[in-house]
Amino acid sequence: MAASLPIALATTPASAAASCGKTVADKDSSAWNKTADGANERSGSSTSCAINGIAYSTQRLDYHCYTVAGDYTWTYARNDSTGVYGWIRDDLLSDYGSSVYCGF
């Protein structure tokens, strides 16, 4: 009779989108950036979340951190020009957003 041994499977962490309404502390000390050109600032890291505002290339953004949601990364930022906070999909930012992981 063969003994049954548990097999450890290699797994990768699942992406964890920021739910609508999710805010995070500023973990990224990067400089202010002018990188968006008409990018939606959303209440969470999903296109199904509400739009809080729109970031333009003439406005400065303060990156807080990024997370992964499906096939995209999203940066949480404060728009210095409008005071609006929101999640912006990184492919809409010319420098691809924050390099500091939010931790979820």
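Keep in mind that what you see is a predicted model, and the values were worked out from it rather than measured.

Procedures and definitions
- Residues numbered from 1 in each chain as written.
- Predicted model: local features only at pLDDT ≥ 70, side-chain atom pairs only at ≥ 80, totals over all residues.
- Heavy atoms only, no water.
- Disulfide = S-S within 2.5 Å.
- Helix = DSSP H or I, 4+ residues; strand = E, 2+ residues; numbered from the N terminus.
- Buried < 20%, exposed > 50% of the residue type's maximum accessible area, 1.4 Å probe, protein only.
- Pairing = 2+ DSSP bridges.

> Give me the lowdown on the state of the cysteines, citing residues and values where you can.
Tallied over the entire structure, the rule returns two disulfides. In this model C20 forms its disulfide with C49; the gap between the sulfur atoms is 2.0 Å. Because the torsion about its S-S bond is -90 degrees, the bridge between C20 and C49 counts as left-handed. With C20 in the segment before β1 (39-42) and C49 in the loop between β1 and β2 (51-55), this residue pair connects regions lying 29 residues apart in the sequence. Looking at C49, the relative accessible area reads 4%, which means it is buried. The disulfide bridge from C65 ends at C102, spanning 1.9 Å between sulfur atoms. As the torsion about the S-S bond is roughly 95 degrees, the C65-C102 disulfide counts as right-handed. With C65 in strand β3 (residues 61-69) and C102 in the segment after β5 (85-89), this pair connects stretches of sequence that are 37 residues apart. We note that C65, like C102, is buried. Disulfide connectivity for the protein chain, with bonded cysteines indexed by sequence position, reads 1-2, 3-4.

> Can you break down the pairing of β3 residue by residue, with the values?
Within β3, seven of the nine residues are buried, leaving the element largely enclosed by the surrounding structure. Sheet topology note: the β3/strand β4 (residues 72-79) ladder contains eight bridges and is antiparallel. Note that in β4 the partner of D62 across the bridge is R78. Count of turn residues in the β3/β4 antiparallel hairpin: two residues, of which G70 carries a positive phi of about 65 degrees.

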